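# Examining the three-dimensional arrangement
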Amino acid sequence: KGQNPVFPRILGHEAAGIVESVGEGVTDLKAGDHVLPVFTGECKECRHCKSEESNMCDLLRINTDRGVMLEDQKSRFSINGKPIYHFVGTSTFSEYTVCHVGSVAKINPLAPLDKVCILSCGISTGLGATLNVAKPPKGSTVAVFGLGAVGLAAAEGARMAGASRIIGVDLVPSRFELAKKFGVTDFVNPKEHSKPVQEVIVEMTDGGVDRSVECTGNVNAMISAFECVHDVWGVAVLVGVPHKDAEFKTHPMNLLNERTLKGTFFGNYKPRSDLPYVVEKYMNKELELEKFITHEVPFAEINKAFDLMLKGEGLRCIITM
């Protein structure tokens, strides 16, 4: 939805791999390096890359419509002489892929690729939304909307930051038990209440939570996430991607009362500069990745992985090539 259909195409964007070879002019990487391909790149030269406040590279930020390499506008995949197109600069549902150097982050070669692969998109997005953008003070209260993998990564970030209370909001009751592993202390199912969920949370927390992180993409959840934070110091961070026709509506007094609304992209991480340090958090046992991985299938059974995702039965399913 909202994308131009470019087919045939090799999809996939969350992965880890080993550099097989490098092209002319590539000096930052060499054969044998362990890397995470990332759907949004970092050229290190543009004004965004040079700004400490941005991770939205002018050259390599996500482009779902582009199906070719930047250098010559051609594909590196083909069958019977006809091109197969790329996807968001990564095309990871493949044993071999070709990426721009700015779209791969070099990481610790001792890190297990079948674990750290999940840091190349969703887990880093949720984690960074909390640690880099919401920045909950120690002892604060945090609400997380949506308890899929990204939302649980946001909760994990709140746990790492020392939040005293983490409220999980989701429509699927079965997710609540699992969420306890990620530091979630309270659960709210909006279906179980006659009033808007933001009012329920405000009552639970004596005026609202200190921080909220929205990880659903549902515009009503976004509004609830903003309206459930405390006035003056409350900060709401939007992570989910809404429908292209969605509109965010709230009373201006919610802003005039000094609540803050923020958005984030990839958790404000610069992929090449920051991901190596996130991998080190895992290596140092500050960050647990194993609890996000619920299933594993061989590539031939990739449709099983999609079924698990659509049914909401798994968090992350590792596909082995």
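Residues numbered from 1 in each chain as written. Predicted model: local features only at pLDDT ≥ 70, side-chain atom pairs only at ≥ 80, totals over all residues. Heavy atoms only, no water.

### Focus: the overall build of the chain
Looking only at helices and strands, the chain features ten helices and 13 strands. Its C-alpha atoms give the chain a radius of gyration of 20 Å, within 12% of the compact-globule value 20 Å for 321 residues. Per-residue burial for the chain yields a buried fraction of 48% across its 321 residues. A sequence separation of at least 24 residues applies to 65% of the contacts in the chain between residues at least 6 apart. Of the roughly 16400 Å² of accessible surface on the chain, 52% is carried by carbon and sulfur atoms. In the chain, 35 positive and 39 negative side-chain charges are present, and the distance between their average locations comes to 1 Å. (Helix = DSSP H or I, 4+ residues; strand = E, 2+ residues; numbered from the N terminus. Rg over C-alpha atoms; globule rule 2.2 N^0.38 Å. Buried < 20%, exposed > 50% of the residue type's maximum accessible area, 1.4 Å probe, protein only. Contact = heavy atoms within 4.5 Å. Areas by Shrake-Rupley, 256 points an atom, 1.4 Å probe, with all protein chains shown as cover. Lys, Arg positive; Asp, Glu negative; His and termini not counted. Charge placed at Lys NZ, Arg CZ, Asp CG, Glu CD.)

### Comments concerning the domain arrangement of the chain
Interface size, as often reported, equals the accessible area lost upon joining of the parts. As far as domains go, the chain holds domain 1 (17–121 + 269–319) and domain 2 (126–265). For domain 1 and domain 2, the distance between their C-alpha centres works out to 28 Å. Contact residues are listed per partner, giving 16 residues for domain 1 and 17 residues for domain 2. Of the roughly 1400 Å² buried where domain 1 meets domain 2, counting both sides, 68% is carbon and sulfur surface. When the area that domain 1 buries against domain 2 is broken down by residue, the three leading residues are Y269, K291 and L315, summing to 39%. Across the pair E156 and K291 runs a salt bridge, and its minimum N-O distance is 2.9 Å. For the interface between domain 1 and domain 2, the tally reads three residue pairs in polar contact (both at pLDDT 80 or more). Of the residues belonging to the side of domain 1 that touches domain 2, the class tally is eight nonpolar, three polar and five charged. (Domains from an automatic or database assignment. Buried area = accessible area lost by both parts, 1.4 Å probe. Salt bridge = Lys/Arg side-chain N within 4 Å of Asp/Glu carboxyl O. Polar contact = N/O pair within 3.5 Å; in protein donor to acceptor, adjacent residues only side chain to side chain. Nonpolar A, V, L, I, M, F, W, Y, C, P; charged D, E, K, R; others polar.)

### A few points about the nonpolar core
Core analysis: the largest hydrophobic core is formed by 50 residues, its most contacted members being V116, I118, L119, I123, L289 and F292. Those elements giving two or more residues to this core turn out to be helix 3 (122–134), strand 6 (141–145), helix 4 (149–161), helix 5 (175–179), strand 10 (235–238) and helix 9 (271–283). Look past the residues within four positions of I123 in its chain and what remains in contact with it is I118, A149, A153, L289 and F292. Among the nonpolar cores identified, the runner-up in size contains 15 residues, and V200, I201, V209 and A225 belong to it. (Core = buried A, V, L, I, M, F, W, Y, C linked by side-chain atoms within 4.5 Å.)

### Observations regarding the sheet that holds strand 2 (residues 34–37)
Taken together, the three strands give an open sheet; going across it, the order is 1-2-5, and neighbouring strands pair in antiparallel fashion. Both edges of this open sheet fall to strand 1 (17–18) and strand 5 (104–106), since each of them pairs with a single strand only. Here three bridges tie strand 2 to strand 5, and the two strands are oriented antiparallel to one another. Within strand 5, the residue paired with L36 across the bridge is A105. Sitting on the sheet, helix 9 touches strand 2 and strand 5, and the angle it makes with strand 5 is about 50°. (Pairing = 2+ DSSP bridges. Axes fitted to C-alpha atoms, helices over the stretch in contact; angles between N-to-C directions.)

### Some thoughts on the side chain of N108
Residue placement: N108 occurs in the loop between strand 5 and helix 2 (113–116). Separated by 2.8 Å, the side chain of N108 and the backbone nitrogen of L110 make a polar contact. Aside from chain neighbours lying at most four places away, what touches N108 is V279, E280 and M283.

### Regarding the UniProt feature "domain: Alcohol dehydrogenase-like C-terminal" (unreviewed entry) in the chain
According to UniProt, the positions carrying the feature "domain: Alcohol dehydrogenase-like C-terminal" (unreviewed entry) are residues 149–280. Span residues 149–280 is 37% helix and 15% strand, its end C-alpha atoms 20 Å apart. (UniProt positions renumbered as here; feature names shortened; annotations may be inferred.)

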